[in-house]
Amino acid sequence: MTNGTTHAPVIYARNVNKIFKPSGAEPVIALQNINLTVQPGEFISLIGPSGCGKSTLLRLIGDLITPTTGELKVNNKEPHQARLDRDYGMVFQAATLYDWRTVSKNVQLPLEIMGYTPQERKARAQQMLELVELGKFGNHYPYQLSGGMQQRVAIARALAFEPSLLLMDEPFGALDEFTRERMNMELLSIWERTKITVMFVTHSIPEAVFLSNRVVVMSPRPGRITQVVDINLPYPRNFETREDPLFFQKVIEVREYLREAHEVEG
Amino acid sequence: MAEAVQTTRNQSSKTPIGARLRYYLPTILVAVGVLLVWELAVRVLNIQQFLLPKPSAILEAFVNEIRLFVTPGEGSILFQAAGATLWAAFGGFCLGCGAGVLVALITARWTIISEAAMPFAIAANSVPIIAFAPIMNNWFGTTNPASKMAIVAIIVFFPTMINTVRGLTLIDPRQLELMQSYAARPVKILLALRIPNALPYIFSALRVASALSVIGAVVAEFFGGQRAMLGVFITQEAASFNFVRAWTGIIMASIIGLSFYFVMLLLERWLMPWHVAFRNTD
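Residues numbered from 1 in each chain as written. Chains lettered and ligands numbered in written order. Predicted model: local features only at pLDDT ≥ 70, side-chain atom pairs only at ≥ 80, totals over all residues.

When its secondary structure is counted, chain B shows 11 helices and 0 strands. For chain B, the spread of C-alpha atoms along the principal axes amounts to about 75 × 55 × 40 Å. Within chain B, the proportion of its 282 residues that are buried is 33%. Taking the intrachain contacts of chain B between residues at least 6 apart in sequence as the baseline, contacts between residues at least 24 apart amount to 74%. (Helix = DSSP H or I, 4+ residues; strand = E, 2+ residues; numbered from the N terminus. Buried ≥ 20, exposed ≤ 12 C-beta atoms within 10 Å, placed from the backbone. Contact = placed C-beta atoms within 7 Å.)

What follows is the structure in structure tokens.
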């Protein structure tokens, strides 16, 4: 999906370090020397064992925390400015819907904050819910939906204000394998339709390979990028992709890199 | 889209009357049983009226008061007293809970105030505030309803404030991060997240406060007040050996307390149909 045009990168990280200094404990190097450039329209997965800093990197990009040192730009701006400009939508592992709002009102939440008119909000929420195939569920409350449906609402909410970047922190981690595979397909179809850039954190190697055009392999203590794997499987991808020999080859490749990173660590 | 949608909350209103009756049957049986045992015990053991009157006698006296109340030209001191106590309880409830929520909103906005005030509030909440009733009688005047209202207000203030502060501050960090990611302003976070998040906490405080307010009003009236107040009515009737009448006062206070509690419960259901306690997911 990388097209060689002159677009500024969506994410530009140079020598980014993040050190946590908990009071009364040794400082923890969460991220060390991160270099990464993401072009518009890419689907990037961050993969690695727990503690490798993949969520931390996502949160740095989302300006929920700030880097200790290094240069980090989102859409050629400081992450803080990008956040104020509402450049990205976030999806967490838990759907994080507000219980007291109907599904439609949940999707409208960012639109309310960003000052859309009520008519615009309603129309757009409906449009987004149809995108995630929940068009008939606008008036339900979140507790009336299954986990997979709730997560689709969270995606609709993140996409509602048309951000240029979607940050997803293990969004399907809590779902069963069957639901997860279907959600993967739906996410890819949304991505292809919206041309949005996606940063996707996951524990699952097949999920990362299936979705991404590049997989960023990370290793822990200190968290760093050890390898970036190009996944040159053609889009649109479908159930057959999962049976493609190249798919298996890439899964093995990523697994090998993950193991190497683990062995280096000892 | 083969995913199942859970049953909606409307289901409870569709339950057949028979099933509902079966649900409440044990409660009704226990109540009837207790009254029967009471009645029989008083009759068989020949218990003196000043120790424990028969429920049938209390009921008779109560019905008589209702008759007096509805007859034009007549009047019921019991119902007059009930009105005064209800006014003291309700007025104090509104003042105390209103102030509690308001102070909680202020302290949640400026965490320094909250950190300074919370230990005092929690300590004050464990103090028997009713002990201040004689002081309030001095401040406002024994016969002034404001002295009872003030006690009630102080009693309900602390649990309301403490619970509201909790509800405003104990928030899932992810939900706050979501607001941050939208660069939402603090006012919007307060209105769209903190206050709805606090509602279940506030209502659980209001339910407790509704019961406390009636207890507070009646007990405060024990320390003196106008004749037509339930606390005064009960103490005076008991002092003049009209125990059946004293018991009608107790029954009346119970009816007020229970009704108040149920009104709160209904309000809660009506305002928070999404809340976990009211979901029908069987």
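The relative placement of two packed helices is expressed as an angle between their axes plus a distance between the axes. Residue and element names in this part refer to chain B. The contact between helix H4 (residues 77–109) and helix H10 (residues 230–239) brings their axes to 8 Å, and the two run at 140 degrees. By the criterion of interaxial angle, the relationship of H4 to H10 is oblique. Taken together, the residues of H10 that come into contact with H4 (itself represented by Ile 77, Leu 78, Ala 81, Ala 82 and Thr 85) are Leu 230, Gly 231 and Phe 233. Taken together, the residues of the contact of H4 with H10 break down into 6 nonpolar, 2 polar and no charged. (Axes fitted to C-alpha atoms, helices over the stretch in contact; angles between N-to-C directions. Parallel < 35°, antiparallel > 145°, perpendicular 65-115°, else oblique. Nonpolar A, V, L, I, M, F, W, Y, C, P; charged D, E, K, R; others polar.)

What follows covers the interface of chain A and chain B. Each partner contributes residues to the interface: chain A has 23 residues there, and chain B has 20 residues. Counting only elements with at least two residues in the side of chain A that touches chain B, the list comes to helix H2 (79–84), helix H3 (103–113) and helix H5 (147–159) of chain A. Here the side of chain A that touches chain B takes 3 residues from H3 of chain A, the largest share from any one element. By residue class, the composition of the side of chain A that touches chain B is 14 nonpolar, 5 polar and 4 charged.

Residues and elements named next belong to chain A. Reading across from one edge, S5-S6-S7-S3-S8-S9 is the order of the 6 strands in this open sheet, with mixed pairing throughout. Looking at which strands have only one partner, the edges of the open sheet turn out to be strand S5 (88–91) and strand S9 (224–230). The sheet shows a mean angle of 15 degrees between the axes of neighbouring strands, direction not considered. Two elements, strand S8 (residues 214–219) and S9, share 6 bridges in a ladder whose sense is antiparallel. Paired with Arg 214 across the strands is Asp 230, a residue of S9. (Pairing = 2+ DSSP bridges.)

On to the pairing of strand S7 (residues 197–202) of chain A, then. Residue and element names in this part refer to chain A. Counting buried positions over the 6 residues of S7 gives 6, a clear majority of the element. By the alternation rule, side chains of S7 split into Thr 197, Met 199 and Val 201 and Val 198, Phe 200 and Thr 202, which are all buried. Bridge count between strand S3 (residues 43–47) and S7: 5 bridges; the pairing is parallel. Looking at the pairing, Leu 46 lines up with Val 201 of S7. Bridging between strand S6 (residues 165–169) and S7 involves 5 bridges; their strand directions are parallel.

The next point concerns helix H9 (residues 186–222) of chain B. All names here are of chain B. Between its first and last C-alpha atoms H9 spans 47 Å; for 37 residues at 1.5 Å apiece the expected length is 54 Å, and the helix comes up short by more than 12%. Along H9, the sharpest kink reaches roughly 40 degrees, centred on Leu 199 and followed within four residues by the proline Pro 200. Residue Gly 224 follows H9 closely and has a positive phi angle near 115 degrees. (Expected span 1.5 Å × (residues − 1). Bend = angle between axes of the 7 residues up to and from the residue.)

All names here are of chain A. Counting residues in each nonpolar core, the largest one holds 79 residues, and the members touching the most others are Val 153, Ala 156 and Met 199. Looking at which element gives the most residues to this core, the answer is H5, with 7 residues. Structurally, this core is a two-domain feature, drawing no fewer than three residues from each of domain 1 (11–87 + 165–265) and domain 2 (97–162). Ignoring any residue separated from it by four or fewer positions in sequence, one finds Val 153 in contact with Ala 95, Leu 97, Val 103, Asn 106, Val 107, Leu 134, Pro 142 and Leu 145. (Core = buried A, V, L, I, M, F, W, Y, C linked by C-beta atoms within 7 Å. Domains from an automatic or database assignment.)

Next up on the list: the confidence of the model for chain B. Overall, the predicted model of chain B reaches an average pLDDT of 86, with 92% of residues at or above 70. Quick note on the complex model: pTM equals 0.80, ipTM equals 0.83. (pLDDT = per-residue confidence, 0-100.)

Before going further, it helps to examine the domain arrangement of chain A. Residue and element names in this part refer to chain A. For chain A, the domain assignment lists domain 1 (11–87 + 165–265) and domain 2 (97–162). One C-alpha centre belongs to domain 1, the other to domain 2; they are set 25 Å apart. In this assembly, 11 residues from domain 1 lie in contact with 9 residues from domain 2. No other element matches the 5 residues that helix H6 (residues 177–194) contributes to the side of domain 1 that touches domain 2. Per-class residue counts for the side of domain 1 that touches domain 2 are 7 nonpolar, 2 polar and 2 charged.

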